[in-house]
Amino acid sequence: MNTFYVTTPIYYANSLPHLGHLYTMIVADTVARAKRQRGIETYFLTGTDEHGINIERAAQKAGRTPQEQADYVVSYFTKMTSEFGLDTAHGGYDIFMRTTKPFHYEGVSELWRRISKAKTPKGNNAIYKGHYEGWFCAPCAEYKTEDEYQKPKNEGDPPTCLIHDTPLDRVSEESYFFRLSDYDEALLSVMETRPDFVRPDYRRNEVMSFVRGGLQDLSVSRLKTSVSWGVPVPGDPAHTMYVWFDALTNYITAIGFGNEERQKAVGFEKFWPALHLVGKDILRFHAVYWPAFLLAAGIELPRAIVAHGMWLDPNGRKMSKTLGNTIELDVLNKYFSNDAIRYFCLREMVFGQDGRFGYEALIDRANSDLASGWGNLSSRTLTMIARYCDSRIPSGLIPEDKLLLAKRTGVDTDETTVAGFIEHARDQFVQQFDNLAFSKALETAWSVVARIDKMITDAKPWDLAKDENQKQTLGVVLYRAAESLRWLSVMLYPVMPEASQAIWKQLGLDGSPAQVDPTQLKWGELKEGAAIAEVQPVFPRMDKAKIMSEITSGPEISTESSAPAVHATQADAVGITSFIEIDDFAKVDLRVGQVLSAERIPKADKLLLMKVDIGEEQPRQILAGIAQYYEPEKLIGRKVVIVANLKPRKLRGLESQGMVVAASYGEEGRPVIATFTEDVPNGARLK
Ligand code: MSP
């Protein structure tokens, strides 16, 4: 059966979604739509990577359990996919994969068992138990070799991660190892015999030279005492699987590997192997570790691994919250149509290379290519059909007796000229699209827009309309324009599903461009005499000055020109990238409280138990994780800020009826309780 399987990385559930995540999803969504349009049964996976020390840490910082943390972040991801039209309801992904699903545990355990029974190509056990000591970067979730860290300035200090600039942890523990070092030749042979396995070719070269440089065995477990949030190693629950082993395996567990139910619902044999779309930042995991695991388990390798570049700000700098140059998803969603964002992403970034993303550039492209380009071609053509042809598609043929007349106007009477042009463009477009050269493919489509625009301008339909004898000539020009619009709607559907559908409908066509295979398009199938629908602009022009001033004057929303506006907060630490409305803030009931009593809790060295008066009949019982930093006695009598409408929850069997507000700073998240320097009564509300 003709099937296709495309995946995005599964994103860490420790921080909120941003443009980078949105981007890979847009690319995968576009690929999936293009395949479906060609009649290929397609499965599209995206999701979240929910285990590991980083999620544990983020959860701890945010005062949540790891599962709560994952659920919290996932709710933002699914909100994003729905808003940007990428979820199942909008014809997008087939599964939002989560590594905390029980079926994933089953599948990943099965893979582990298989590999632990396997021999490497050099005849050794693929997994063995050893001892590991090394410098570990928690944010990267990997051990770093000497060339991957910055040596410390002062002797005795730990080295720092080259990517994160944070100190590395010295980790020494019993660990299971995957004998990656035995897979170098096997991997090189795959990459030599399948030149398309890793793409683009310059990335393939990088991966090959990395492998040629010698592979080190990979530690694939951590003691449960150091990382507990993860899948236990089958037969040895004192160990937790390395998060990348767990995460990469999602690509096969999602479709049924190691689980009957998923197998029935989707089908491993039906869809595997996949095309993996990844950012260049995680290519090594996908192009070296993952194929090696699969080789060891005797599972077919992926169809291909394609690495794209990174989005930078308009000045070419990496986007980061500290620089204040990130693109806010809420802003994108508020001011731009999904289609405009998709078009910009695919047109602006040469797939594989880094690209620059800025609101101004996005507005410029939306105005020039969409509003004045495809959108204008569509509305001028349809408006003229409404005006001059009584809203009916005219005939595309000039009768014999009118040929000479038509020739005199300069209109090409041979319809195969324009048909040939657009067929050639379509072939090129499809080929470029199949090669994931989206930017080129869109350029090709725009060569059609330009050509048809010029045809209209040269033919001057408004003049032809004045001459009754040129009615057929006028009709032919408009027919060609309308038929080209039909072709463009089909070609551009995967990139701009909403606009394509809208233009399709305005042309009076039934069904959807989603169901038309572009390779099967035939010139002239637009039916003469069919009624067009009401003409509406598909891409309204954007008022750049107005929108930019709104975006830049928004609270702390950064743009290319604004100064960094960031305060290190707890929220920042868990990756808040979106802003809330004042009404959202109003939902939080913050009250002035006074600590009446405070005491330590036996066997809970972090918690203090407090009674706090917030102006109610009874004082609140509140537990706070501040015992390591505050002497209980010193807190008595102190004015504090309490979140009064926080759902009560039990900690160590004691109910906490609210939360004390504190700043948190430094590596260890040291708390500093918020207080008042002026007199204020208990129970006063903070607004
Ligand atoms: N959880 C791992 C992936 C496991 S896959 C089995 C992970 N997650 S991540 O949240 O860090 O997401 C990384 C991916 O997000 C990148 O590979 C890329 O797809 C996307 N991007 C993150 N930042 C990006 C840009 N600035 N630009 C483009 N894409 C980026 O790594």
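For the structure given in this document, a descriptive report is provided here. Along each chain, the written sequence defines residue order, and numbers are assigned to residues from 1. For this predicted model, a pLDDT threshold of at least 70 governs which residues receive local features, and a threshold of 80 or more governs which side-chain atom pairs are given and counted, while totals over whole chains, interfaces and linings are taken from all residues. Heavy atoms from the whole structure form the basis of all side-chain values; hydrogens and water molecules are not counted.

Overview of the overall build of the protein chain
Okay, so step 1: Each helix is a run of DSSP H or I of at least 4 residues and each strand a run of E of at least 2, with the numbering of both proceeding from the N terminus. Helix and strand counts for the protein chain stand at 24 helices and 27 strands.
Okay, so step 2: When the backbone C-alpha atoms are referred to their principal axes, the protein chain occupies close to 105 × 75 × 50 Å.
Okay, so step 3: Exposed residues in this analysis have more than 50% of their type's maximum accessible area, buried residues have under 20%, and partly exposed residues fall in between, with area computed by a 1.4 Å probe over protein chains only. Burial status across the protein chain gives 52% buried among its 687 residues.
Okay, so step 4: Taking as baseline every contact in the protein chain between residues at least 6 positions apart, the subset at least 24 positions apart corresponds to 73%.
Okay, so step 5: The protein chains shown are the only cover counted for residues, whose accessible areas, like all others here, come from Shrake-Rupley with a 1.4 Å probe. As displayed, the protein chain offers around 31000 Å² of accessible surface, 50% of which is attributable to carbon and sulfur atoms.
Okay, so step 6: The sign given to each residue is positive for Lys and Arg and negative for Asp and Glu; His and the chain ends receive no count. Lys charges are placed at NZ, Arg charges at CZ, Asp charges at CG and Glu charges at CD. Computed over 80 positive and 90 negative side-chain charges, the separation of the two mean positions in the protein chain equals 1 Å. Note on definitions: a residue-residue contact is assigned when non-hydrogen atoms from the two residues lie within 4.5 Å.

Focus on the site of the ligand
Okay, so step 1: For the ligand, the set of nearby residues contains 21 residues, the closest of which are Ile10, Thr24, Asp49, Gly279 and Trp311.
Okay, so step 2: In the environment of the ligand, a nitrogen atom lies 2.8 Å from a nitrogen or oxygen atom belonging to the backbone of Ile10.
Okay, so step 3: As used in this structure description, the phrase polar contact means that two N or O atoms lie within 3.5 Å; if the pair is within protein, one of them must be able to donate a hydrogen and the other to accept it, and residues adjacent in sequence are counted only when both atoms belong to side chains. Here an oxygen atom of the ligand sits 3.0 Å away from a polar atom, N or O, in the side chain of Asp281.
Okay, so step 4: Against a free-state accessible area of 680 Å², the protein chains account for coverage of 90% of the ligand.
Okay, so step 5: Of all the secondary structure elements, the ones that give two or more residues to the shell around the ligand are β1 (3-12), α1 (19-37) and α7 (243-248).
Okay, so step 6: Looking at the shell around the ligand, the element that brings in the most residues is β1, giving 4 residues.
Okay, so step 7: Residues are sorted three ways: Asp, Glu, Lys and Arg are charged, Ala, Val, Leu, Ile, Met, Phe, Trp, Tyr, Cys and Pro are nonpolar, and all the rest, Gly among them, are polar. Here the shell around the ligand is built from residues that sort into 11 nonpolar, 8 polar and 2 charged. One heavy atom suffices: a residue is near a molecule or strand as soon as one of its heavy atoms comes within 4 Å of it.

Overview of the packing of aromatic side chains
Okay, so step 1: Think of it this way: a Phe, Tyr or Trp ring, Trp meaning its six-membered ring, pairs with another when their centres are within 6.5 Å, and the plane angle makes it stacked under 30 degrees, edge-to-face over 60, tilted otherwise. This structure, assessed with the given rule, holds 33 aromatic pairs.
Okay, so step 2: Between Tyr72 and Tyr76 the ring centres are 5.2 Å apart and the planes differ by 65°, which places this aromatic pair in the edge-to-face class. Pair noted here: Tyr72 and Tyr76 are both in helix α3 (residues 66-83), with a separation of 4 residues, about one helical turn.
Okay, so step 3: Here Tyr76 falls in the partly exposed class, since its relative accessible area comes to 26%.
Okay, so step 4: Aromatic side chains Phe433 and Phe438 sit 5.2 Å apart centroid to centroid with 80° between the ring planes, which places their arrangement in the edge-to-face category. For the residue pair Phe433 and Phe438, the accessibility class agrees, reading buried in each case.
Okay, so step 5: Joined through ring pairs, the aromatic side chains of Tyr5, Tyr43, Tyr251, Phe257, Phe268, Phe271, Trp272 and Trp290 make up one cluster.
Okay, so step 6: Two thresholds decide whether a charge sits over a ring: the Lys NZ or Arg CZ must be within 6 Å of the ring centre and within 35 degrees of the ring normal. One Lys or Arg, Arg170, reaches over the ring of Trp135 and ends 4.9 Å from the middle of that ring.
Okay, so step 7: It is Arg284 that lies over the ring of Phe210; its NZ or CZ is 3.8 Å from the centre.

Let's talk about the sheet that holds strand β11 (residues 221-223)
Okay, so step 1: At least two DSSP bridges between two strands are required for those strands to pair. With respect to topology, 3 strands assemble into an open sheet ordered β11-β13-β12, the strand pairing being antiparallel. Only two strands of the sheet have a single partner each, and these edge strands are β11 and β12 (232-233).
Okay, so step 2: Two strands pair when backbone bridges link them, and β12 and strand β13 (residues 236-241) are joined in this way by 2 bridges, in the antiparallel orientation. Paired with Pro232 across the bridge in β13 is Thr240.
Okay, so step 3: Strands in contact with helix α4 (residues 102-117) are β11, β12 and β13; relative to β13, the strand with the most contacts, it is inclined by about 100°. All axes are obtained by fitting lines to C-alpha atoms, using only the stretch in contact for helices, and the reported angles, taken between N-to-C directions, cover 0 to 180 degrees.

As for the pairing of strand β26 (residues 670-673)
Okay, so step 1: Side chains of β26 alternate between two faces, with Pro671 and Ile673 buried and Arg670 and Val672 left unburied.
Okay, so step 2: Pairing of strand β25 (residues 662-665) with β26, which is carried by 4 bridges, proceeds in the antiparallel orientation. Looking at β26, one finds that Ser664 is bridged to Pro671.

Digging into the pattern of salt bridges
Any two side chains of opposite charge can pair, so long as their charged atoms come close to each other.
Okay, so step 1: Within this document, salt bridges are pairs made up of a side-chain nitrogen of Lys or Arg and a carboxyl oxygen of Asp or Glu, the two lying within 4 Å of each other. Under the defined criterion, the tally for this structure stands at 38 salt bridges.
Okay, so step 2: As a salt-bridge pair, Asp29 and Arg33 come within 2.6 Å of each other at their nearest N and O atoms. With Asp29 and Arg33 both in helix α1, this residue pair falls 4 residues apart, about one helical turn.
Okay, so step 3: Given the relative accessible area of 0%, Asp29 is considered buried.
Okay, so step 4: On the accessibility criterion, Arg33 (5% relative accessible area) is buried.

As for unusual backbone geometry
Okay, so step 1: For the bond from Arg199 to Pro200, the omega torsion is -10°, close enough to zero to count as cis.
Okay, so step 2: Here Pro200 is to be found in the loop between β9 (198-199) and α6 (201-212).
Okay, so step 3: Of note, the bond from Trp272 into Pro273 is cis; its omega dihedral lies within 30 degrees of zero at 10°.
Okay, so step 4: As for its placement among the helices and strands, Pro273 is situated in the loop between α10 (268-271) and β14 (275-279).
Okay, so step 5: Unlike most non-glycine residues, Asp165 shows phi in positive territory, near 60°.
Okay, so step 6: Turning to its location among the elements, Asp165 is positioned in the loop between β7 (160-161) and β8 (169-178).

Some points on the side chain of Arg33
Okay, so step 1: Looking at Arg33, its side chain comes within polar contact range of the side chain of Asp29, at 2.6 Å.
Okay, so step 2: Discounting residues that sit within four places of it in the chain, Arg33 has contacts with Gly85, His90, Gly91, Gly92, Arg342, Tyr493, Pro494 and Pro497.

Some remarks on the nonpolar core
Okay, so step 1: Grouped together as the largest cluster of nonpolar side chains are 111 residues, with contacts concentrated most on Leu22, Leu332, Phe336, Phe357, Trp374, Trp446 and Met496.
Okay, so step 2: Ranked by residue count, the leading element in this core is helix α19 (residues 471-492), at 12 residues.
Okay, so step 3: Residues in contact with Trp446, not counting those within four places in the same chain, are Tyr343, Asp369, Leu370, Gly373, Trp374, Leu492 and Met496.
Okay, so step 4: Nine residue types can take part in a nonpolar core, namely buried Ala, Val, Leu, Ile, Met, Phe, Trp, Tyr and Cys, and a core is a set of them joined through side-chain atoms within 4.5 Å. Grouped together as the second largest cluster of nonpolar side chains are 67 residues, Phe197, Phe268, Ile282 and Val288 included.

Details of the packing of helix α16 (residues 415-434) against α19
Okay, so step 1: Taken N-terminus to C-terminus, the directions of α16 and α19 make an angle of 10°; their axes are 11 Å apart at the nearest point. What the angle tells us is that α16 and α19 run roughly parallel. Contacts from Glu415, Val418, Ile422, Glu423, Ala425, Arg426 and Phe429 in α16 reach Arg480, Ser484, Trp487, Met491 and Leu492 in α19.
Okay, so step 2: Its residues assigned to classes, the contact of α16 with α19 shows 7 nonpolar, 1 polar and 4 charged. Each angle is binned into one of four classes, with values under 35 degrees roughly parallel, values over 145 roughly antiparallel, values of 65 to 115 roughly perpendicular, and all other values oblique.

Looking at the packing of helix α17 (residues 438-459) against α19
Okay, so step 1: Interhelical geometry of α17 versus α19 gives an angle of 165° and a closest axis separation of 10 Å. Put simply, α17 runs roughly antiparallel to α19. Seen from above, α17 lies across α19 with left-handed handedness. Here Leu442, Ala445, Trp446, Val448, Val449, Ile452, Met455, Ile456 and Ala459 of α17 lie close against α19, whose contacting residues are Val477, Arg480, Ala481, Ser484, Leu488, Met491 and Leu492.
Okay, so step 2: Residue composition of the contact of α17 with α19, by class: 14 nonpolar, 1 polar and 1 charged. Crossing handedness follows the turn of the near helix against the far one: under a right angle anticlockwise gives a left-handed crossing, and clockwise gives a right-handed one.

A closer look at the environment of Cys345
Okay, so step 1: When you line up the elements, Cys345 lands in helix α13 (residues 338-348).
Okay, so step 2: The buried category is assigned to Cys345, whose relative accessible area is 0%.
Okay, so step 3: Apart from residues lying up to four places away in sequence, Cys345 is in contact with Tyr23, Ile26, Trp311 and Phe357.

Looking at the sheet that holds β14
Okay, so step 1: If you trace the 6 strands from one edge of the open sheet to the other, you get β3-β2-β1-β14-β15-β9, paired in parallel fashion. Where the open sheet ends on each side, the last strands, each with one partner, are β3 (95-98) and β9.
Okay, so step 2: Across the sheet, α3 lies against β1, β2 (41-49) and β3, angled at about 160° from β3, the strand it touches most.

Focus on α16
For the α-helix, the turn length of 3.6 residues means that residues three or four positions removed from each other point alike.
Okay, so step 1: Helix length check: α16, at 20 residues, gives a terminal C-alpha distance of 29 Å against a target of 28 Å (1.5 Å per residue), a fit within 8%.
Okay, so step 2: Buried within α16 are the following residues: Val418, Ala419, Ile422, Ala425, Arg426, Phe429, Val430, Gln432 and Phe433. For α16, the buried positions fall inside an angular range of 165° around the axis, keeping them on one side. Opposite the packed face of α16, turned more than 90 degrees from it, sit the exposed residues Thr416, His424 and Gln431.
Okay, so step 3: Looking at the packing, one finds that the buried side of α16 touches α1, α17 and α19.
Okay, so step 4: Following α16 by one or two positions, Leu436 has its phi on the positive side, about 60°. Multiply 1.5 Å by the residue count of a helix minus one, and that product is the helix's expected span. Arc definition: it is the arc formed by the directions from the helix axis to the C-beta atoms.

Distances and angles like these do not, on their own, reveal function.
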